[in-house]
Amino acid sequence: MPDKYLVLSKNKYLYPKNSVKLYLNLSCFHGELSNKIISEDFYIKNFVKPNIFYTDIEGDKKVEETEKLFNSLSNSLFAFLNNFHGTNYSKRYWEIIYGNWLKVFINTISERYYNIKFALEKYQFDKIIISNEKFININNTLSDFDDNTGDDKWNFDLYSSIIREIFKDKEKLIFKTLKKNQMKKWEAKYSLKDKLVLSIKRVINLFGIFFPKKNNSLISDVNLNFFSLLKLNYFLKQFPTFYFRKKINFISYNETLRNNYNFDHDKYVGIEKFIRKILPTCLPTTIIENYKNIKNITQKLDWPTNPEFIYTGTEFRENELFKFWTAEKTDKNFLYFVVQHGNNYATLKDCHLMNEVKTCDKFISWGKSGGNKYVPLFNTLNLNYKKKIKNKNKIYFFMRHYPFKKILSWDDEYEVFKSYYQTNISIKFLKDDIRKKIIIRINMNYLKGKKDFFLNFFENKENLKIDFLRHHKNQAFNNSQLIVHCYDSTAFLETMSLGIPSVSLLSNEHKFLKAEARGVYSDLLKNKIIFTDPKLMAQHINQVISGNIYEWWDRKDVVRTRQLFLEKYSIPVKNNPEKYLAET
């Protein structure tokens with residue numbers, strides 16, 4: 001009988017040809033992923049049970065653990081950094097700089113740790129091939145860390161480090177070295193229109209030298225189109241300034257220096273002990289080797305000296321100069337506002353742990369649900385929508401993009417592929433004439449050349465029409481008789497707010513929703529706006545498309561459910577929205 005191996009790497013050459021394989025997760029699989037692989041029978045026989053939340057209690061425990069870990073680690077980290085750099089900044093200052101990185105780091109390590117722990121405790125196997133190299137996470141920024149999480153060697157070394165820490169049966173271990181493959185970084189591609197707008201913004205900045213901006217509010221990346229941004233600045237009575245990201249020449253990672261750091265891991269147990277043990281070699285260079293360099297750059301920026309307020313939608317995550325500059329300003333009590341840019345800010349159990357919400361003074365939200373910091377506005381993404389009267393005869397399926405990075409505290413890769421699997425089932429049960437109306441929409445940039453791989457999840461793929469984001473989403477909105485969201489997406493909030501007939505297919509029963517949101521989602525489920533069963537969704541689509549779709553969409557109980565959902569999570573755009581935003 002051949003040995004059974006717990007497989008930690010997708011590199012099939014690490015393992016004996018005739019061995020029996022138990023795959024840790026989908027990232028480690030040695031074949032082509034398809035519907036067959038995701039099907040329940042095959043998955044149960046060949047994979048460790050996916051690390052997702054199966055009960056509401058499991059979700060609560062995960063949030064509680066993450067919050068406890070973040071607070072404990074952040075207390076140690078900000079004290080260490082003040083001491084290391086000879087500064088005396090507040091915890092808030094440091095969390096603006098490293099908070100998003102730390103939250104993602106905890107989620108990522110936690111997902112790997114419990115995936116391994118569950119496999120070791122619940123499954124039988126004879127051998128595990130692990131890395132004979134130390135796990136090191138070299139990253140300058142959170143963006144670098146994101147890229148690392150999709151790398152096979154990085155994960156193999158991390159899994160191996162966890163096994164060395166918690167697995168007692170050393171006789172089952174075989175040590176090998178896995179070579180690193182060069183990963184291509186995704187780069188944004190700009191259309192001619194985008195390039196033209198960028199050029200116009202640079203020209204406007206040149207004229208800005210004639211207008212004082214010492215006390216201007218700093219507004220950057222707030223999901224407004226060009227003209228809306230100009231109007232907002234007009235109502236704020238300031239000349240518009242566009243803040244472009246500047247390249248930072250990073251100093252190299254210094255492993256020798258980091259080996260001297262210690263976060264007292266021996267005083268802790270379980271996952272916190274492991275995280276503290278690897279933390280010194282994992283911290284981004286922005287807060288160690290490059291801290292003084294970036295701080296010096298920010299002090300020379302031609303940005304407002306005494307801003308009335310700071311306002312952004314996304315810069316808090318990956319713009320290092322913005323984070324350093326904002327941290328300095330908030331330490332001097334200047335106001336810092338963040339506007340919602342996507343979904344789940346008021347629905348998930350852990351939305352209060354989102355670092356941008358914790359560190360800002362006010363969070364400008366799309367709906368009335370949320371905490372004390374939340375100020376309801378409207379869905380700002382819909383400012384970019386222009387309604388056109390067209391022949392609405394298409395059915396767009398908005399798909400979740402390929403999971404090239406794994407940064408959540410559960411196995412979102414499994415959820416993505418399960419959503420592909422369920423979408424195929426739904427399409428298969430549609431009537432032939434309705435199936436001809438379907439256009440699948442997915443971001444080709446995130447597929448990274450895996451077009452054929454994606455199509456493997458669909459039967460009769462040669463007859464499928466695919467929109468790889470070649471057209472603006474507004475075109476899909478205007479052409480659609482119905483839009484099907486194949487996950488709990490930002491676009492679902494947009495189309496609901498615009499009143500476009502929409503349904504959403506969820507790959508799980510949302511055990512990670514907070515209590516208030518579960519009630520609202522239950523009403524959506526009852527009124528056939530969201531589904532967890534792809535066959536039931538297909539039956540509903542067959543019914544409403546064959547008849548008058550508005551008999552369902554405009555029914556009193558459906559309208560009442562839609563209005564409650566919108567009030568809480570996605571308020572429609574107000575009249576004269578830029579003025580309303582400025583006054584808010």
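Whatever comes next refers back to the structure up there.
Residues numbered from 1 in each chain as written. Predicted model: local features only at pLDDT ≥ 70, side-chain atom pairs only at ≥ 80, totals over all residues. Heavy atoms only, no water.

K.L.:
Explain the sheet that holds strand β9 (residues 374-376) to me, please; I cannot follow it from the model alone.
P.N.:
Note: strands within a sheet are paired through backbone hydrogen bonds, in either parallel or antiparallel orientation. Pairing is parallel across the open sheet formed by five strands, whose spatial order is β5-β6-β7-β8-β9. Only two strands of the sheet have a single partner each, and these edge strands are β5 (218-220) and β9. Direction aside, neighbouring strands of the sheet carry axes that sit 20 degrees apart on average. Against the sheet, helix α13 (residues 320-331) engages β5, β6 (310-312) and β7 (336-339), with an angle of about 145 degrees to β6. (Pairing = 2+ DSSP bridges. Helix = DSSP H or I, 4+ residues; strand = E, 2+ residues; numbered from the N terminus. Axes fitted to C-alpha atoms, helices over the stretch in contact; angles between N-to-C directions. Contact = heavy atoms within 4.5 Å.)

K.L.:
Where do I start with the environment of F84 in this structure?
P.N.:
Position of F84 among the secondary structure elements: in helix α3 (residues 56-85). Assessed through its relative accessible area of 33%, F84 is described here as partly exposed. For the pair F84 and I288, spaced 204 residues apart in sequence, the C-alpha to C-alpha distance is 8.5 Å. Leaving out residues up to four positions away in the same chain, F84 has contacts with L257, Y261 and I288. (Buried < 20%, exposed > 50% of the residue type's maximum accessible area, 1.4 Å probe, protein only.)

K.L.:
Please explain the packing of helix α4 (residues 91-122) against helix α10 (residues 270-278) as it appears in this structure.
P.N.:
To characterise two packed helices, one gives the angle between the axes of the helices and the distance between these axes. Where α4 meets α10, the closest approach of the two axes is 11 Å, and the angle between their N-to-C directions is 120 degrees. In terms of axis orientation, α4 runs oblique to α10. Seen from above, α4 lies across α10 with right-handed handedness. Here α4 contributes F105, I109, S110, Y113 and Y114 to the contact with α10, which in turn contributes G270, I271, F274, I275 and I278. Residues belonging to the contact of α4 with α10 are distributed by class as follows: eight nonpolar, two polar and no charged. (Parallel < 35°, antiparallel > 145°, perpendicular 65-115°, else oblique. Left-handed = near helix turned anticlockwise from the far one by under 90°. Nonpolar A, V, L, I, M, F, W, Y, C, P; charged D, E, K, R; others polar.)

K.L.:
Before we go on, may I ask you to explain the pattern of salt bridges in this structure?
P.N.:
Pairing is possible between side chains that carry opposite charge, provided their charged atoms lie close to one another. Inspection of the entire model under this criterion finds 32 salt bridges. Taking the shortest distance from any N to any O, the salt bridge between K62 and E65 comes out at 3.1 Å. Of this pair, K62 and E65 are both found in helix α3, three residues apart, which corresponds to roughly one turn of the helix. Of the residues examined, E65 reaches a relative accessible area of 22% and is grouped as partly exposed. By sharing partners, the salt bridges in this structure join D56, D60, K349 and R518 into a single network. (Salt bridge = Lys/Arg side-chain N within 4 Å of Asp/Glu carboxyl O.)

K.L.:
Would you mind showing me how to read the pairing of strand β14 (residues 502-505) here?
P.N.:
Burial of the side chains of β14 extends over both faces: S502 and S504 are buried on one face and V503 and L505 on the other. Examined bridge by bridge, strand β13 (residues 480-485) and β14 share three bridges and lie parallel to one another. Each bridged residue has a counterpart across the sheet, and for H485 the counterpart in β14 is S504. Sheet topology note: the β14/strand β15 (residues 530-531) ladder contains two bridges and is parallel. From the neighbouring strand, S504 faces β15, where its bridge partner is I530.

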